[in-house]
Amino acid sequence: DQQVKQNSPSLSVQEGRISILNCDYTNSMFDYFLWYKKYPAEGPTFLISISSIKDKNEDGRFTVFLNKSAKHLSLHIVPSQPGDSAVYFCAASVGNNDMRFGAGTRLTVKP
Amino acid sequence: DVKVTQSSRYLVKRTGEKVFLECVQDMDHENMFWYRQDPGLGLRLIYFSYDVKMKEKGDIPEGYSVSREKKERFSLILESASTNQTSMYLCASSPPFYEQYFGPGTRLTVT
């Protein structure tokens, strides 16, 4: 039973537009949430995180929103660039130790 | 720069063979993790370790064991490889309560 779910396996957006990637979780004990980005033939790399005491965290073009009541988080990329094309994994943990990952969303940004 | 290295990028083994996957990190991290990545399932945690000689089961430990004799090295062992263990295996390390750094992965094929 997956505790972290990414229901969209793929997303395609036009360069310059906003990309919104969504993630839902079931375990109310999760208190730290992260997004990782993965290019082919490479390991995932950390992108951005948010703790449960916040509802928004921003880093340049990337913003993560957390809605604890809905057990939902999202990653916004504005503006999207072709180099953002990758698989994005949502992850959640209790105390930022062992994490649980979603299935991933493949983002394609078209020039 | 944190570096997590995995012994092989590609590995082909026969059913029933004993398989060793090695992971080494050079940042003196306490925590180390083994995941497998499968299409539609994302990253699933197999085993993790918070310290030398310590190990904890993740979500899918069946058919696997691990060894952590030195802080920098975390080995995943398939005692008797089976075709359903064909997968991408990812190792990660982290300090406590910090995001994880991943190696490039080992694509294992069991025939």
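Given the structure is predicted, the values throughout are model-derived calculations rather than measurements.

A. Seen up close, the overall build of chain A. When you go through chain A residue by residue, the secondary structure sums to 0 helices and 11 strands. In terms of overall dimensions, chain A has C-alpha extents of about 40 × 25 × 20 Å along its principal axes. For chain A, contacts bridging at least 24 residues in sequence account for 54% of all contacts bridging at least 6. As displayed, chain A has an accessible area near 5,200 Å², and 49% of this comes from carbon and sulfur atoms. Chain A carries 12 positive and 10 negative side-chain charges, and their two centres are separated by 4 Å.

B. Structural view of unusual backbone geometry. Each neighbour pair has its own omega, and for Val78 of chain A with Pro79 of chain A the value is -15°, a cis peptide bond. With respect to the helices, strands and loops of the structure, Pro79 of chain A is situated in the loop between β8 (72-77) and β9 (86-93). Phi at Asp28 of chain B is positive, roughly 60°, even though this residue is not glycine. The exposure class of Asp28 of chain B is exposed, given its relative accessible area of 52%.

C. Highlighting the side chain of Ser74 of chain A. All names here are of chain A. The residue Ser74 is located in strand β8 in this model. Ser74 sits in the buried class, given a relative accessible area of 7%. In this structure, Ser74 is in contact with Ile20, Leu21, Asn22, Trp35, Thr63, Val64 and Phe65, ignoring residues within four places of it in sequence.

D. Focus on the environment of Pro96 of chain B. All names here are of chain B. If you trace the backbone, Pro96 turns up in the loop between β9 (87-94) and β10 (101-102). Taking relative accessible area as the criterion, Pro96 reaches 37% and is therefore assigned partly exposed. Each C-alpha atom, one on Pro96 and one on Tyr50, is 8.1 Å from the other, the two residues being 46 residues apart in sequence.

E. Region of the structure containing the interface of chain A and chain B. Contacts between the two partners involve 20 residues from chain A, matched on the other side by 22 residues from chain B. Between chain A and chain B lies a buried interface of about 1,700 Å² when both sides are counted; carbon and sulfur atoms form 52% of it. Where chain A meets chain B, there are 1 salt bridge. The partner of Asp59 of chain B in a salt bridge is Arg100 of chain A, with the nearest N and O atoms 2.7 Å apart. Our count for the contact surface shared by chain A and chain B stands at 3 residue pairs in polar contact (both at pLDDT 80 or more). When residues of the side of chain A that touches chain B are traced back to their parent elements, those giving at least two are β4 (32-38) and β10 (99-101) of chain A.

F. Representation of the sheet that holds strand β7 (residues 62-67) of chain A in the model. All names here are of chain A. What the 5 strands build is an open sheet, ordered β1-β3-β8-β7-β6; its pairing is antiparallel. Of all strands in the sheet, those bounded by a partner on one side alone are β1 (4-5) and β6 (56-59). Pairing between β7 and β8: 6 bridges, direction antiparallel. Counted as the bridge partner of Leu66 is Leu73 from β8.

G. Seen up close, the nonpolar core. Grouped together as the largest cluster of nonpolar side chains are 23 residues, with contacts concentrated most on Phe33, Trp35, Leu73, Leu75 and Tyr88 of chain A. For this core, the elements supplying multiple residues, two or more each, are β3 (19-25), β4, β5 (45-51), β7, β8, β9 and β11 (105-110) of chain A. Of the residues forming this core, the biggest block, 4 residues, is contributed by β9 of chain A. Every residue in contact with Tyr88 of chain A, bar those within four places of it in the chain, is listed here: Gln6, Leu21, Trp35, Tyr36, Lys37, Leu47, Leu75, Ile77, Gly104, Thr105 and Leu107 of chain A. In terms of nonpolar packing, the next biggest core, distinct from the first, is built from 20 residues, Cys23, Tyr64, Leu78 and Ala81 of chain B among them.

H. Fine view of the packing of aromatic side chains. Summed over the entire model, instances satisfying the criterion amount to 13 aromatic pairs over all chains. Note on Phe33 of chain B and Phe48 of chain B: the rings are 6.1 Å apart at their centroids and 25° apart in plane angle, and the pair reads as stacked. On the criterion of sequence distance, the pair formed by Phe33 of chain B in strand β4 (residues 31-38) and Phe48 of chain B in strand β5 (residues 42-49) is long-range, its members being 15 residues apart. Classification of Phe48 of chain B by relative accessible area gives buried; the value is 6%. Cluster of aromatic residues (ring-pair linked, three or more members): Tyr36, Phe46, Phe89 and Phe101 of chain A together with Phe33, Tyr35, Phe48, Tyr50 and Phe102 of chain B.

Rules used in this analysis
Residues numbered from 1 in each chain as written. Chains lettered and ligands numbered in written order. Predicted model: local features only at pLDDT ≥ 70, side-chain atom pairs only at ≥ 80, totals over all residues. Heavy atoms only, no water. Helix = DSSP H or I, 4+ residues; strand = E, 2+ residues; numbered from the N terminus. Contact = heavy atoms within 4.5 Å. Areas by Shrake-Rupley, 256 points an atom, 1.4 Å probe, with all protein chains shown as cover. Lys, Arg positive; Asp, Glu negative; His and termini not counted. Charge placed at Lys NZ, Arg CZ, Asp CG, Glu CD. Buried < 20%, exposed > 50% of the residue type's maximum accessible area, 1.4 Å probe, protein only. Buried area = accessible area lost by both parts, 1.4 Å probe. Salt bridge = Lys/Arg side-chain N within 4 Å of Asp/Glu carboxyl O. Polar contact = N/O pair within 3.5 Å; in protein donor to acceptor, adjacent residues only side chain to side chain. Pairing = 2+ DSSP bridges. Core = buried A, V, L, I, M, F, W, Y, C linked by side-chain atoms within 4.5 Å. Phe/Tyr/Trp six-rings, centres within 6.5 Å; stacked < 30°, edge-to-face > 60°.

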